[in-house]
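Close look at the chain arrangement
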Amino acid sequence: PPPSSSSGETMLRLTAFTFVLGLSLTTLTPAPHLVGELGQVNGVRLLTALATTSAATEIGLSPIVGGLSDSVGRKPVLVGTLGVSLLAGIAAAVAPTVATVALQKFVNGAVVGIFFLAAGAILADKFRTEPQKLAASSGILFALVNAGFGVGIALSGLLPPGLHVRYAASSVVCAVGLALAAFGVRETMPDADRVPFKARAFNP
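Residues numbered from 1 in each chain as written. Predicted model: local features only at pLDDT ≥ 70, side-chain atom pairs only at ≥ 80, totals over all residues. Heavy atoms only, no water.

**Section: the overall build of the protein chain**
Scanning the protein chain from terminus to terminus reveals 7 helices and 0 strands. The linear arrangement of helices and strands in the protein chain, starting from the amino end, is α-α-α-α-α-α-α. For 204 residues, the compact-globule estimate of 2.2 N^0.38 gives 17 Å, and the C-alpha radius of gyration of the protein chain, at 18 Å, lies within 12% of that figure. Overall size of the protein chain, expressed as C-alpha extent along the three principal axes, is 55 × 35 × 25 Å. Considering only residue pairs separated by 6 or more positions, the protein chain has 86% of its internal contacts joining residues 24 or more positions apart. For the protein chain, the accessible surface area stands at approximately 9500 Å², while carbon and sulfur atoms represent 72% of it. Counting 13 positive and 9 negative side-chain charges, the protein chain places the averaged centre of each group 3 Å from the other. (Helix = DSSP H or I, 4+ residues; strand = E, 2+ residues; numbered from the N terminus. Rg over C-alpha atoms; globule rule 2.2 N^0.38 Å. Contact = heavy atoms within 4.5 Å. Areas by Shrake-Rupley, 256 points an atom, 1.4 Å probe, with all protein chains shown as cover. Lys, Arg positive; Asp, Glu negative; His and termini not counted. Charge placed at Lys NZ, Arg CZ, Asp CG, Glu CD.)

**Considerations on helix α6 (residues 131-156)**
Given 3.6 residues per turn, any residue in an α-helix points the same way as the ones three and four places further on. With 26 residues, α6 should reach 38 Å at 1.5 Å per residue; the first-to-last C-alpha distance of 37 Å fits that figure. Those residues of α6 lying buried are Ser137, Leu141, Val145, Gly148, Gly152 and Ser156. (Expected span 1.5 Å × (residues − 1). Buried < 20%, exposed > 50% of the residue type's maximum accessible area, 1.4 Å probe, protein only.)

**Quick look at the side chain of Arg13**
In this fold, Arg13 is placed in helix α1 (residues 5-24). With relative accessibility at 18%, the residue Arg13 sits in the buried group. In this structure Arg13 touches Ser137, Ile140, Leu141 and Leu144, once residues within four positions along its chain are discounted.

**Quick notes on the packing of helix α3 (residues 40-72) against helix α4 (residues 74-94)**
For any two helices packed against each other, one specifies the crossing angle of their axes together with the interaxial distance. Where α3 contacts α4, the axes come no closer than 6 Å and their chain directions differ by 130°. It follows that α3 is oblique to α4 by the angle criterion. Between α3 and α4, the residues in contact are Val65, Leu68, Ser69, Asp70 and Val72 and Arg74, Pro76 and Val77, respectively. Of the residues assigned to the contact of α3 with α4, the class counts are 5 nonpolar, 1 polar and 2 charged. (Axes fitted to C-alpha atoms, helices over the stretch in contact; angles between N-to-C directions. Parallel < 35°, antiparallel > 145°, perpendicular 65-115°, else oblique. Nonpolar A, V, L, I, M, F, W, Y, C, P; charged D, E, K, R; others polar.)

**Quick notes on the packing of helix α2 (residues 30-38) against helix α5 (residues 98-126)**
Packing of α2 against α5 leaves a shortest axis separation of 10 Å and a crossing angle of 145°. The handedness of the crossing between α2 and α5 comes out as left-handed. Counting all contacts with α2, which are made through Pro30, His33, Leu34, Glu37 and Leu38, the residues of α5 involved are Val98, Val101 and Lys105. Within the contact of α2 with α5, the residues separate by chemical class into 5 nonpolar, 1 polar and 2 charged. (Left-handed = near helix turned anticlockwise from the far one by under 90°.)

**Things to note about a nonpolar patch on the surface**
A contiguous nonpolar surface patch, about 380 Å² in accessible area, is contributed by Leu61, Ile64, Leu68, Val72 and Phe197. Within the secondary structure, Ile64 sits in helix α3. Exposure remark for Ile64: the relative accessible area of 38% places this residue in the partly exposed category. (Patch = residues over 30% accessible without salt bridge, like charges linked within 9 Å, V, L, I, M, F, W, Y side chains within 5 Å. Salt bridge = Lys/Arg side-chain N within 4 Å of Asp/Glu carboxyl O.)

In structure tokens:
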């Protein structure tokens with residue numbers, strides 16, 4: 001990799017850690033709120049539907065976003081997923097209703113996988129001819145992701161119970177992640193390797 005790749009790789013790791021930290025601050029928030037507002041049966045039904053539809057949406061979007069990644073580059077996909085997640089979090093922070101809380105949970109469930117596909121493609125671009133370094137770097141990235149999740153869950157227990165505060169805190173941290181991605185992560189797909197848009201799986 002070029003000499004500057006190390007700093008770009010560090011920024012990608014920081015972005016992933018921060019993103020997961022922000023999301024995990026509200027991981028445990030939707031269930032009690034939705035059950036409290038809708039009742040046990042309807043609340044659980046909605047949570048199940050959100051989990052199912054967000055997973056299906058992620059699967060459905062992956063070929064489309066993979067094609068975009070090959071066409072416009074990895075970084076726009078990475079920044080775009082962070083931006084969509086941040087907008088959903090802000091909506092829940094400003095007006096934490098059943099609709100906005102459900103929307104935030106759905107959006108995060110749908111985009112988080114795409115974020116990590118894009119992050120993985122960036123690493124694969126950097127270490128295309130060095131599989132051992134790719135494996136090592138991927139391991140570090142996902143160790144930091146697990147750490148971010150654990151720290152976020154722990155910190156969420158220290159936050160005030162109000163939904164406004166919880167979603168606002170999550171949004172602030174996600175905004176930091178978005179800034180890290182926008183200004184720190186480098187594009188890894190050369191212009192010469194880009195192809196016209198066509199829906200496909202991620203192709204690092």
